[in-house]
Amino acid sequence: MSNIVGIEYNRVTNTSSNDFPGFSKDLDGAWDVEKFKNTFDVKISSLNDREANFDLIHIDTSIANAFRRIMVSEVPSVAVEYVYFFNNTSVIQDEVLAHRIGLVPLKVDPDMLSWIDTSLPEEEKFTDENTIVLTLNVKCTKNPDAPKDATDPEILYRSSSVYARDLKFEPQGKQVETFAKCPVVAADPNILLAKLRPGQEISLRAHCILGVGNDHAKFSPVCTASYRLMPHINITQPITGEDAKKFAKCFSEGVIGIDSNGQAVVKDARHDTVSREVLRHEEFNGKVKLGRVRDHFIFNVESSGAMTPEEIFFKSVRILKNKAEYLKNCPIS
Amino acid sequence: MAKVATDFEFKHHEEDATFGELLKPVYRGKKLTDEINTAEDKWNLLPAFLKVKGLVKQHLDSFNYFVDTDLKKIIKANQLVLSDVDPEFYLKYVDIRVGHRSTSSTKDYIVPPHECRLRDMTYSAPIYVDIEYTRGRNIIMHRDVEIGRMPIMLRSNKCILNNADEKVMAKLNECPLDPGGYFIVNGTEKVILVQEQLSKNRIIVEADEKKAIVQASVTSSTHERKSKTYVITKNDRIYLKHNSIAEEVPIVIALKACGVVSDLEIMQLVCGNDSSYQDIFAVNFEEAARSKIYTQQQALEYIGSKVKTVRRQKLSILQEGIEAIATTVIAHLTVEALDFREKAMYVALMTRRVVMAMFDPKMVDDRDYVGNKRLELAGQLMSLLFEDLFKKFNNDFKANIDKVLKKPNRAMEYDALLSINVHSNNISSGLNRAISTGNWSLKRFKMERAGVTHVLSRLSYISALGMMTRISSQFEKSRKVSGPRALQPSQFGMLCTSDTPEGEACGLVKNLALMTHITTDDEEEPIKKLCYLLGVEDITVIDSYSLHLNYAVYLNGTIIGTIRFPTKFVTLFRHLRRTGKVSEFISIYTNSHQKAVHIATDGGRICRPLIVVTGGKSLVEAHHLKKLLEGELQFDDFLKLGLVEYLDVNEENDSFIALYEKDIDVNITHLEIEPFTVLGAVAGLIPYPHHNQSPRNTYQCAMGKQAIGAIAYNQFKRIDTLLYLMIYPQQPMVKTKTIELIDYDKLPAGQNATVAVMSYSGYDIEDALVLNKSSIDRGFGRCETRKKTTTILKRYPNHTQDIIGGMRVDENGEPIWQHKSLGPDGLGEVGMKVESGQIYINKSVPTNASDSVLTQTNAQYRETPVVYRAPEPSHIDQVMMSVSENDQALIKVLLRQNRRPELGDKFSSRHGQKGVCGIIVKQEDMPFNDDGVVPDIIMNPHGFPSRMTVGKMIELISGKAGVLNGTLEYGTCFGGSKLEEMSQILVDKGFNYSGKDMLYSGITGECLEAYIFFGPIYYQKLKHMVLDKMHARARGPRAVLTRQPTEGRSRDGGLRLGEMERDCVIAYGASQLLLERLMISSDAFEVDVCNKCGLMGYSGWCTSCKSAENIIKMTIPYAAKLLFQELLSMNIAPRLRLDDVFEQ
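From a predicted model like this one, the values you see are computed outputs, not experimental measurements. (Residues numbered from 1 in each chain as written. Chains lettered and ligands numbered in written order. Predicted model: local features only at pLDDT ≥ 70, side-chain atom pairs only at ≥ 80, totals over all residues. Heavy atoms only, no water.)

(A) Fine view of the sheet that holds strand β24 (residues 596-600) of chain B. Residue and element names in this part refer to chain B. With mixed pairing, five strands are arranged side by side in an open sheet as β20-β22-β21-β24-β23. The two strands at the open ends of the sheet, each matched to only one other strand, are β20 (537-538) and β23 (587-591). As defined by bridge partners, strand β21 (residues 551-555) adjoins strand β22 (residues 558-563) across five bridges and the pair is classed as antiparallel. Its bridge partner being in β22, Ala 552 is matched across the sheet by Thr 562. Contacting β20, β21, β22 and β24, helix α18 (residues 525-533) runs over the sheet at an angle of about 15 degrees to β22. (Pairing = 2+ DSSP bridges. Helix = DSSP H or I, 4+ residues; strand = E, 2+ residues; numbered from the N terminus. Contact = heavy atoms within 4.5 Å. Axes fitted to C-alpha atoms, helices over the stretch in contact; angles between N-to-C directions.)

This is the structure we're talking about:
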């Protein structure tokens, strides 16, 4: 059976995998480690500390999707959870400011913290092992040096805007040593938190703890982690001349090339967005078949800044492995 | 025209597009060097119009007219106060002013509006009059006597916000986008709604075909009285009918009474020389002849004998007749020196209209025609009220003066000024009371109108704006006639075609369209003179014979003459108007069926500006628009140059108006400025409304007012009873030109949600929506409620007063739980959380407030704290302490609640598609596209086929194109971004032409088998939230009288098992359930019944039998016991006969 998902004019066909036992008489379909080892392939196309793009080839949809889901919602990360206000005379309300601070991605290795015990009373809950304390103390004042004709509040006043970089890390207990090399900062320093005017003041203390995206989106370590299937273009009848140019225009740039005979050829299907534009044109009717390779996943993992994307991916693999192991060890009675 | 400006050029994003910006040399990417295309750019007249007129200009104009002009007229009409006792005495009002004295050039200080709102005061200014009166022999002038205070309409010319720039507004804590046009009375914002009514002093001809009745009626309205005169047919004979005349008067007699004695002249006046009219009318002479009435005196006596009067001194029958004709019949025509000629003409013309309608049933008028309606605005209503109050004031004043002057020997010469101030409160309190209650009671018209004013709804910016353009009809809601409710073709461009409520007020409550103006009264006299100069023959000199030979000229419904060449006259008149010699709001039109030219100068007509077209060419040309863009020309200049003119409904009906420039031919007289102005401000929010089924647009108009968003720039400074605010409102991706014009993009109410139109989870049936949990986590649909509590610390006559206690502490010095959010001053502290049961104002009242004990030392107090009761805690946002107008301490506490969307919260798109949240799904379970984009909302596709909201689909495609392109797109009615262009952008950016994407299931990871319509749609969160509605009870409070559970959520009531539910249980046969629901869980009560006498006793003792022998305990509903006792009290003895159900 074909492993190409059919992209037709108004429907998608052959979406489910069929390599499982009992699907057909001829094929065994049973999963085989050796076979998997031989066929499975990982290709990395780009990688930096914020974004990774890589292919997982010949892997079942369920596994690929599990990685995606775990990256989004189960890989732990650190975010502000409790905000204690001492003073807030700005126009922004306490709850809203707390919400905004909570959503700021922090550059903390989640492995340096342990989980919080929610059953403990408030006073004992937070220790130097599970909590990071950030403080924010800003007061807006008039800028005496501002030129008379200035209208821009950034010039007229001092600290009229509060940014994520104003959150100051206060190491507690042994954190002085453990975090000496990597003090906690916001991953993106220029996130606007609040605006102030002279006389207004914000003074607060925030407790950051470990959490998962399942609980709140702020704990998700990725901006998004997702995949798409490898596009597949099959030109069944030769397309030449003007038609070939028009044909090439129906795809993203660089996907279709024209060879020396003036015939359209698939140059780079990977970059296609599969807009199905080609299917709208009468003249290409029956000349091309669009599809996507069902077991070729092009992953795109965008980190929110705490960890590198590969770290996030490996963590997701580890979590999946742990889950499988847990299931395996479950006494099934 | 060289280059067609495409819509693309309008799309450059600009952050701040104020009106100034709109009129800047470079507007929305349109540079001065760019070619001006009149077809595309003439819409720029609209922002120019709104800059000078604004959306609530009708209210402001009307109020300004009242304060500046009408007040002076009222003073003049009621100028003199005379004494019955002293004929020498007089007091004369010379002048009247509001807000400033004549002696100083500066305006008086008035408490700014926002302070009035906060301190529950009335935003008002003093009314000063200049008077002249006699003191003994001397005549004394006195200036600047304050006779009361006038509530001031915000942003009117007496308001301190008039012409204030943004900086001043900010300083006064006002929102620069607030339209004004309302009053602040006792701290609440009140709007006087525009009232629609049938026009006054105009003849309306109607026919009842079933009863074969034709009638012409006219409602005369003067400063003194209102009355209605009819000319009516009865058995093919014509009569004059008036409420104060007991019987219908044959028309010939009525005309004879008016001095037209000759039958020939009557015939000439009514029928002219048209034989078919003469045939119809001839029968009427019989009756007069039979009654032997030939002379005017006989006719007057005939009428005089039928007059119903309540007069002090008896008049002779003849005098009664003269009085009736002179003052009561057609009262708006004034009779001078007993010359009834004009009145005779008027009655004759009314008769003629009746005859015409009898001859040709088509010659009747349409009551529902917008040209026959007049709108009554705040200024007119205020002036009616003020005149009434002023008359009452003068009457009281006169009574006072008489009282003093009656006393024979006065030591000093009496100064009338001393008694003027005594009653000065009457006018202020009368005005205040009327505006704050909405009850307009006018003694002289015996008018009692309720519900004239409404509290300005501040639910959203749009709801406030919508209220200012609202028009309420005087028509009864209960009557089952469809006419007044139906959409009238003549309301095109004047009244919004979509914005009307559903249900009982449907079609009766209307809204003004975007580019309308409501006229104020204009002087009649100069126009009359002008008409005579233009060749109109004066009616007073026309002989009866030639009256109907030429066209008649009517001024405000009254004939003033005839004209030989009406077309030339009308053209000339219009020319004068276009050149600015005559006020631009005076309308003139020809009615060829009636052979008449009508000129209207009265107030309350709706009109709108149109581009003048002559000789098949629009007068507005490219260079004019260029100058407009450059700021050289203003809208008023266009009027002055005669390029644009105002047409009222009647004149509009007499014109040929081209919708687009391409439709112009030689016959065309006018050109529309912009077709989307058929809609009002609220309907203007809808993108692509011309693609929607029309009721959907109407639904959106109702829902747009419930959307939570930003209300005003001063929203955090306001302390309103209840305010809903959205935390992160966004301007819509798909805007309309209206949105920019009304500044909805600066005070939006909604967010651009990425929507996937697909079915998901089954929790999306019946319009329910699926929401993405992560989107909510990140702030989608978050809102805030702010609730106010007001307390007044009262002072009592015995010098005790309410106090605020401190907080109570426990043995550790910590405040007790109830007082946790209190500060040491006994008031909640800003920022503290208040939970249900906690106290946030710790007030105490003296136990003894009535005794006249002057010792305050050992006053006893009883605690009456304000306790917070709600399912969810709140935070204290603001605490205000102030002093109200009557010097009592006023405390307002504002409680705030932050809410994230939850199951059951209501959302709606801008296309009348509302739905509640059915399920909240985690992000990883949501479908995603190639880029990893996950929808915020999943909407069920079943919402589309029956609703036919195609506009919503186009909004999605335009929005998606805008997102990909980095532009804001337009969905303006009859225009906007073109679908083909939008689809092309999608294709260029690598998306499918149709807006449908291939998605992957978030649950299985596989591709979905169908392509999903996917993109941004602007969603509004509506004020209906589960948190405010959820209610359940197991046990709880009971009503005192019946001991049954209380009713309603606010009283923590029970859920009633009603009659129909009871029927079900009976039918099912579940008798024990019935017993439990109806008695045991409700008001079960154990009574002692005496089985001998059947009455109820107590404590095992029957009081009537004086024995305990036959007492049986049984349980009955308390309500039943109550009924028995109540029957007993009425001398009916219900006796219970008890038997065992199960025989032993």
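(B) Spotlight on the sheet that holds strand β6 (residues 188-192) of chain B. All names here are of chain B. Taken together, the three strands give an open sheet; going across it, the order is β5-β6-β16, and neighbouring strands pair in antiparallel fashion. Edge positions in the sheet fall to β5 (183-185) and β16 (453-455), since each has one partner strand and no second. On average, each strand axis in the sheet is tilted by 40 degrees relative to the strand beside it, whichever way the strands run.

(C) Region of interest: the packing of helix α4 (residues 57-77) of chain B against helix α14 (residues 378-406) of chain B. Residue and element names in this part refer to chain B. Packing of α4 against α14 leaves a shortest axis separation of 8 Å and a crossing angle of 30 degrees. Relative to α14, the element α4 lies roughly parallel. Judged by the sense of rotation from one axis to the other, the crossing of α4 with α14 is right-handed. On the side of α4, the interface is formed by His 59, Ser 62, Phe 63, Phe 66, Asp 70, Leu 71, Ile 74 and Ile 75, while α14 contributes Ala 378, Gly 379, Gln 380, Met 382, Ser 383, Phe 386, Glu 387 and Phe 390. Here the residues of the contact of α4 with α14 sort into nine nonpolar, five polar and two charged. (Parallel < 35°, antiparallel > 145°, perpendicular 65-115°, else oblique. Left-handed = near helix turned anticlockwise from the far one by under 90°. Nonpolar A, V, L, I, M, F, W, Y, C, P; charged D, E, K, R; others polar.)

(D) Spatial organisation of a nonpolar patch on the surface. Residues and elements named next belong to chain A. A surface patch of nonpolar side chains, amounting to about 280 Å² of accessible area, comprises Val 42, Ile 44 and Leu 47. For Ile 44, the location among the structural elements is in strand β3 (residues 41-47). On the accessibility criterion, Ile 44 (58% relative accessible area) is exposed. (Patch = residues over 30% accessible without salt bridge, like charges linked within 9 Å, V, L, I, M, F, W, Y side chains within 5 Å. Areas by Shrake-Rupley, 256 points an atom, 1.4 Å probe, with all protein chains shown as cover. Salt bridge = Lys/Arg side-chain N within 4 Å of Asp/Glu carboxyl O. Buried < 20%, exposed > 50% of the residue type's maximum accessible area, 1.4 Å probe, protein only.)

(E) Structural detail: the domain arrangement of chain B. Segmenting chain B into domains produces domain 1 (53-171 + 188-196 + 375-455), domain 2 (200-368), domain 3 (522-568 + 580-601), domain 4 (704-782 + 902-1026) and domain 5 (785-848 + 866-898). Of note, the centres of domain 3 of chain B and domain 4 of chain B, computed from C-alpha atoms alone, are 58 Å apart. (Domains from an automatic or database assignment.)

(F) A look at the packing of aromatic side chains. With the rule as written, the count across this model stands at 33 aromatic pairs over all chains. Between Tyr227(A) and Tyr1000(B), the ring centres sit 5.6 Å apart and the planes meet at 75 degrees, which makes this aromatic pair edge-to-face. Note that Tyr227(A) is positioned in strand β15 (residues 222-235) and Tyr1000(B) in the loop between β47 (996-997) and β48 (1012-1021), a pairing that runs across two chains. Just as Tyr227(A) is buried, Tyr1000(B) falls in that class too. Looking at Lys241(B), its charged tip hangs above the ring of Tyr230(B), at a distance of 4.7 Å from the centre. Sitting over the ring of Tyr302(B), Lys306(B) keeps its end group 3.8 Å from the ring centre. (Phe/Tyr/Trp six-rings, centres within 6.5 Å; stacked < 30°, edge-to-face > 60°. Lys NZ or Arg CZ within 6 Å of the ring centre and 35° of its normal.)

(G) Highlighting helix α2 (residues 61-73) of chain A. Residue and element names in this part refer to chain A. Counted at 1.5 Å a residue, the expected span for α2 with its 13 residues is 18 Å, and the 18 Å between its end C-alpha atoms agrees. The buried count for α2 comes to 10 of 13 residues, which makes it a mostly enclosed element. Residues of α2 that are buried include every one of Thr 61, Ala 64, Asn 65, Ala 66, Phe 67, Arg 68, Ile 70, Met 71, Val 72 and Ser 73, and no others. (Expected span 1.5 Å × (residues − 1).)

(H) Quick look at the environment of Asp295(A). All names here are of chain A. Positionally, Asp 295 belongs in strand β18 (residues 288-303). Residues Asp 295 and Tyr 163, 132 residues apart in the sequence, show an inter-C-alpha distance of 44 Å. Contact partners of Asp 295, with chain neighbours within four places excluded, come to Asn 3, Leu 56, Ile 57, His 58 and Ile 59. Polar contacts involving the side chain of Asp 295 include one to the side chain of Asn 3, which spans 3.1 Å. (Polar contact = N/O pair within 3.5 Å; in protein donor to acceptor, adjacent residues only side chain to side chain.)

(I) Looking closely at the UniProt feature "domain: DNA-directed RNA polymerase RpoA/D/Rpb3-type" (unreviewed entry) in chain A. The sites that carry the UniProt feature "domain: DNA-directed RNA polymerase RpoA/D/Rpb3-type" (unreviewed entry) are, in the present numbering, residues 51-330 of chain A. Across residues 51-330 of chain A one finds 23% helix and 33% strand; the C-alpha atoms that close the span lie 37 Å apart. (UniProt positions renumbered as here; feature names shortened; annotations may be inferred.)

(J) Region of the structure containing helix α23 (residues 694-704) of chain B. Taken as a whole, α23(B) has its buried residues at Arg696(B), Asn697(B), Thr698(B), Gln700(B), Cys701(B), Met703(B) and Gly704(B). Buried-residue contacts for α23(B) involve α17 (461-468), β43 (906-909), β44 (914-921) and β48 of chain B.

(K) Here's a closer look at the pairing of β6(B). Residues and elements named next belong to chain B. Judged by how many residues are buried, β6 sits mostly within the fold: four of five residues are covered. As judged from the three bridges shared by β5 and β6, these two strands associate in the antiparallel manner. Note that in β6 the partner of Phe 183 across the bridge is Lys 190. Counting the residues between successive antiparallel strands, the hairpin from β5 to β6 contains two residues, one of them, Asn 186, with a positive phi of roughly 50 degrees.

(L) View of the domain arrangement of chain A. All names here are of chain A. Under the domain assignment, chain A is made up of domain 1 (4-74 + 224-236 + 287-299) and domain 2 (76-220). Domain 1 and domain 2 are separated by 41 Å when their C-alpha centres are compared. Taken together, the contact between domain 1 and domain 2 spans five residues of the former and seven residues of the latter. Roughly 420 Å² of surface becomes buried between domain 1 and domain 2 when both sides are summed, with 31% attributable to carbon and sulfur atoms. The interface formed by domain 1 and domain 2 holds one salt bridge in total. Asp 188 serves as the salt-bridge partner of Arg 50, at 3.3 Å between the closest nitrogen and oxygen. Taken together, the links from domain 1 to domain 2 amount to five residue pairs in polar contact (both at pLDDT 80 or more). (Buried area = accessible area lost by both parts, 1.4 Å probe.)

(M) Spatial organisation of a negative patch on the surface. A cluster of acidic side chains, namely Asp521(B), Asp522(B), Glu524(B) and Glu525(B), defines a negative patch on the protein surface. Position of Glu524(B) among the secondary structure elements: in the loop between β19 (517-518) and α18. (Lys, Arg positive; Asp, Glu negative; His and termini not counted. Charge placed at Lys NZ, Arg CZ, Asp CG, Glu CD.)

(N) Representation of the interface of chain B and chain A within the structure. Counting residues at the interface gives 45 residues for chain B, matched by 41 residues for chain A. Of the roughly 3500 Å² buried at the junction of chain B and chain A (both faces included), carbon and sulfur atoms supply 46%. Contact with chain A buries surface across chain B, with Glu924(B), Asp930(B) and Tyr1011(B) losing the most and accounting together for 18% of the total. Our count for the chain B to chain A interface comes out at three salt bridges. Among the salt bridges present, the one from Arg292(A) reaches Asp930(B), with a minimum N-O distance of 2.7 Å. Counting every contact that joins chain B to chain A gives 31 residue pairs in polar contact (both at pLDDT 80 or more). At the level of elements, α25 (773-777), β34 (783-793), β41 (874-883), β42 (889-899) and β47 of chain B are the ones that each hand at least two residues to the side of chain B that touches chain A. It is α25(B) that contributes the most residues to the side of chain B that touches chain A, three residues altogether.

(O) Quick look at the pattern of salt bridges. Within the structure shown, the criterion is met by 77 salt bridges over all chains. The closest approach of N and O atoms between Lys37(A) and Glu34(A), which form a salt bridge, is 4.0 Å. Here the residue Lys37(A) and the residue Glu34(A) both occupy positions in helix α1 (residues 33-39), the gap between them amounting to three residues, near one helical turn. Residue classification places Lys37(A) among the exposed positions, given a relative accessible area of 56%. Taking relative accessible area as the criterion, Glu34(A) reaches 45% and is therefore assigned partly exposed. Note that Arg896(B) and Asp877(B) form a salt bridge whose closest N and O atoms lie 2.5 Å from each other. Here Asp877(B) lies in strand β41 and Arg896(B) lies in strand β42, a separation of 19 residues in the sequence. Take Arg896(B): its relative accessible area is 4%, and that puts it in the buried class. On the accessibility criterion, Asp877(B) (13% relative accessible area) is buried. Salt bridges sharing common partners tie together Arg117(B), Glu174(B), Asp178(B), Glu189(B), Arg458(B), Arg718(B) and Asp720(B).

(P) How the structure looks around the side chain of Gln751(B). Residue and element names in this part refer to chain B. Among the structural elements, Gln 751 can be located in strand β32 (residues 751-757). At a separation of 2.7 Å, a polar atom in the side chain of Gln 751 contacts the main-chain carbonyl oxygen of Tyr 728. Ignoring anything within four residues of it in the chain, the contact list for Gln 751 reads Met 726, Tyr 728, Gln 730, Gly 779, Phe 780, Gly 781, Ile 1017, Tyr 1018 and Tyr 1019.

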